[in-house]
Amino acid sequence: MKYLSCLALAMAVAAAGVAAAPAFAAAPAGGVPMCNTGGAQKADLFQQSADQLVHSRAFAGRTVQSVDQWNNCIKVIYQDGKGSVTAFYDPDTLRLIDSMRNG
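Residues numbered from 1 in each chain as written. Predicted model: local features only at pLDDT ≥ 70, side-chain atom pairs only at ≥ 80, totals over all residues. Heavy atoms only, no water.

Asks: Quick question: what am I supposed to make of the packing of aromatic side chains here?
Replies: Think of a pair of aromatic rings as described by two things: how far the centres are apart, and how the planes are tilted against each other in angle. For the structure on display, the rule yields two aromatic pairs. With a centroid separation of 5.2 Å and 80 degrees between ring planes, the pair formed by phenylalanine 59 and tyrosine 78 is classed as edge-to-face. Taken together, the residues phenylalanine 59 in the loop between helix 2 (43–54) and strand 3 (63–70) and tyrosine 78 in strand 4 (residues 73–80) connect sequence positions 19 residues apart. On the basis of an interplanar angle of 65 degrees and a centroid distance of 5.9 Å, the ring pair of phenylalanine 59 and tyrosine 89 is categorised as edge-to-face. On the criterion of sequence distance, the pair formed by phenylalanine 59 in the loop between helix 2 and strand 3 and tyrosine 89 in strand 5 (residues 83–89) is long-range, its members being 30 residues apart. The rings of Phe59, Tyr78 and Tyr89 are connected pair by pair, giving a single aromatic cluster. Looking at lysine 75, its charged tip hangs above the ring of tryptophan 70, at a distance of 4.7 Å from the centre. (Phe/Tyr/Trp six-rings, centres within 6.5 Å; stacked < 30°, edge-to-face > 60°. Helix = DSSP H or I, 4+ residues; strand = E, 2+ residues; numbered from the N terminus. Lys NZ or Arg CZ within 6 Å of the ring centre and 35° of its normal.)

Asks: Can you walk me through the sheet that holds strand 6 (residues 96–102) in this structure?
Replies: One key point about sheets: their strands pair by backbone hydrogen bonds, in either a parallel or an antiparallel sense. Within the open sheet, the four strands sit side by side as 3-4-5-6. Their pairing is antiparallel. The open sheet is flanked by strand 3 and strand 6, the only strands paired with a single partner. Strand-to-strand twist across the sheet, computed as the mean angle between neighbouring axes with direction ignored, equals 20 degrees. Here seven bridges tie strand 4 to strand 5, and the two strands are oriented antiparallel to one another. Of the residues in strand 5, the one forming a bridge with valine 76 is alanine 87. Sitting on the sheet, helix 2 is in contact with strand 3, strand 4 and strand 5, with an inclination near 25 degrees to strand 4. (Pairing = 2+ DSSP bridges. Axes fitted to C-alpha atoms, helices over the stretch in contact; angles between N-to-C directions. Contact = heavy atoms within 4.5 Å.)

Asks: Would you take a moment to explain the environment of glutamine 79 for this structure?
Replies: Positionally, glutamine 79 belongs in strand 4. Placed 20 residues apart in sequence, glutamine 79 and phenylalanine 59 show a C-alpha to C-alpha distance of 9.5 Å. A polar atom in the side chain of glutamine 79 sits 3.2 Å from the side chain of glutamine 65. (Polar contact = N/O pair within 3.5 Å; in protein donor to acceptor, adjacent residues only side chain to side chain.)

Asks: Explain the environment of isoleucine 77 here, please?
Replies: Summarising the element assignment, isoleucine 77 is placed in strand 4. In this structure isoleucine 77 touches Thr63, Val64, Gln65, Ser66, Ser84, Val85, Thr86 and Asn102, once residues within four positions along its chain are discounted.

Asks: Quick question: what am I supposed to make of the nonpolar core here?
Replies: Grouped burial of nonpolar side chains is what soluble globular proteins tend to show. Counting 10 residues, the largest nonpolar core consists of Phe46, Ala50, Leu53, Phe59, Ile74, Val76, Tyr78, Val85, Ala87 and Tyr89. Residue assignment for this core shows that the elements contributing at least two residues are helix 2, strand 4 and strand 5. When residues no more than four places from it in sequence are discounted, the contact partners of isoleucine 74 are Phe46, Ser49, Ala50, Leu53, Val67, Asp68, Ala87, Phe88, Tyr89, Pro91 and Leu94. (Core = buried A, V, L, I, M, F, W, Y, C linked by side-chain atoms within 4.5 Å. Buried < 20%, exposed > 50% of the residue type's maximum accessible area, 1.4 Å probe, protein only.)

Asks: What am I meant to see in unusual backbone geometry here?
Replies: The bulk of non-glycine residues show a negative phi, and the bulk of peptide bonds are trans. For asparagine 71, which is not glycine, the phi dihedral falls at a positive 50 degrees. With respect to the helices and strands, asparagine 71 occurs in the loop between strand 3 and strand 4. With a phi angle near 60 degrees, leucine 94 is a residue other than glycine that sits in the positive phi range. Following the sequence through the fold, leucine 94 ends up in the loop between strand 5 and strand 6.

Pasting the structure below:
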């Protein structure tokens, strides 16, 4: 019986953790990326996330042209060896949501 109580408690804690995790969604095919940060993120927190992302290893050796907020996502336009790329990142997790090569 004690085993079942511990198992039920563990499942409840896991379910609460999933519910509290930041939600994000990639764009449907051909759609516009959108991030759901669980409410509008304050401008200073968003800027901190954007700065952290741009100064990460993901952009080492790349020329960042612009960083903007787009549908609650961090939109980064950068140059790599093959040309210009637009990429969208979740501001909470800094995970890549979508990217596309320009031109």
